[in-house]
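# Structural description and commentary
Below are the chains, spelled out letter by letter.
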Amino acid sequence: MNILHLDQNHPLLLEKLSNAGHTNEENYTISKEDTEKIIAAYDGIVIRSRFKIDKQFIDSGTNLKFIARVGAGLESIDIPYAESKGIYLISAPEGNRNAVGEHALGMILSLFNKLNQADKQVKDGHWNREENRGIELEGKTVGIIGYGNMGKAFAKKLQGFDCEVLCYDIIDNVEDKNARQVSLEELQKKTDVLSLHTPWTPQTDKMIDSRFINAFAKAFYLINTARGKSVVTSDLVEALQTGKILGAGLDVLEYEKLSFENLFTNQTQMPTPLAYLIECSNVLLTPHIAGWTIESKRKLAQTIVDKILAKF
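A few points on the structure. As the structure is a prediction and not an experimental result, all values here were calculated from the model. (Residues numbered from 1 in each chain as written. Predicted model: local features only at pLDDT ≥ 70, side-chain atom pairs only at ≥ 80, totals over all residues. Heavy atoms only, no water.)

It is worth spelling out a positive patch on the surface at this point. A cluster of basic side chains, namely R97, K156, K177 and K299, defines a positive patch on the protein surface. Tracing the sequence through the fold places K299 in helix α12 (residues 294-311). (Patch = residues over 30% accessible without salt bridge, like charges linked within 9 Å, V, L, I, M, F, W, Y side chains within 5 Å. Areas by Shrake-Rupley, 256 points an atom, 1.4 Å probe, with all protein chains shown as cover. Salt bridge = Lys/Arg side-chain N within 4 Å of Asp/Glu carboxyl O. Lys, Arg positive; Asp, Glu negative; His and termini not counted. Charge placed at Lys NZ, Arg CZ, Asp CG, Glu CD. Helix = DSSP H or I, 4+ residues; strand = E, 2+ residues; numbered from the N terminus.)

Structure follows, in structure tokens:
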């Protein structure tokens, strides 16, 4: 097959496809419009999130047999239309689930122990011990929304901390030895730390808003390593200001572009809620890197190539 690669990935992907007899062509700068002019010459494409694969693009790919996204989700692809054309869709949530689980856990421990605040104060010449007294994860209840690859990997990391782990998912019977599946109402009643591991769908878009936040019985910490558009940032800021949310670890933001590659495209128009988060000492911000480790880069590529070769 002729395969067009639209984003750079680990070199093993190209190597193993080539060894299997497939032809790789790389073009990491071509626009969506120009890709549509040539895509009919290819049997498959490999992409991360550089542009949206919509109906127009799919119609141009008259010979496409597969679309592989080197990442966890397929929200940048018109899934129903692609499937109606018989195109096989591939993603790789198995490839970076461990990295996401470790990142989410790291955010919790950093927030609980005020590591970012304490680090800054010491570097500024202040030795404030009582102000930086932390809390422990032991005995707390961690609620996970979305119990697929990412949620399960995170729950596994929590074992050994002697905390209660609850999960909520729209799919029944997904619990395992690491988390007990409960209703949303029970999760909101008991949770001390809420961690999101959901894809971006119409159901999860703007899911975490004031009404949702205020339904929690206790003040809680929020961790989001999933998708930024699932959280209404202005409502999150309000909850931080009132103390309903005690702290937040955000690897993703509402303001990200679809490609996830850039956020600060126009500093003069920074949204007020984002400006607040940047200055907030109990908020950790990272640039969509939870699943972006040296190891996951290789794992993602290996997962994609394994799925392609298993099918074709």
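Continuing now.
What follows concerns the pairing of strand β11 (residues 245-250). Within β11, five of the six residues are buried, leaving the element largely enclosed by the surrounding structure. As paired strands, strand β10 (residues 220-224) and β11 are joined by five bridges and run parallel to one another. The residue of β11 that forms the bridge with F220 is I245. The parallel pair β10 and β11 is bridged by helix α10 (residues 233-242), and the resulting crossover is right-handed. Relative to strand β12 (residues 283-285), β11 is paired through three bridges, and the arrangement is parallel. Among the inter-strand pairings, A248 is bridged to a residue of β12, identified as V283. (Buried < 20%, exposed > 50% of the residue type's maximum accessible area, 1.4 Å probe, protein only. Pairing = 2+ DSSP bridges. Right-handed = clockwise from strand over helix to strand, strands pointing away.)

So, about the packing of aromatic side chains. Summed over all chains, the structure comprises six aromatic pairs. Note on Y88 and F312: the rings are 6.1 Å apart at their centroids and 70° apart in plane angle, and the pair reads as edge-to-face. In this pair, Y88 is assigned in strand β5 (residues 88-90) and F312 in the segment after α12, connecting sequence segments 224 residues apart. Using a relative accessible area of 32% as the deciding quantity, one classes F312 as partly exposed. Aromatic rings pair up to connect F66, Y88 and F312 into one cluster. It is K229 that lies over the ring of W200; its NZ or CZ is 6.0 Å from the centre. Note that K311 overlies the ring of Y88, its terminal NZ or CZ placed 4.9 Å from the centroid. (Phe/Tyr/Trp six-rings, centres within 6.5 Å; stacked < 30°, edge-to-face > 60°. Lys NZ or Arg CZ within 6 Å of the ring centre and 35° of its normal.)

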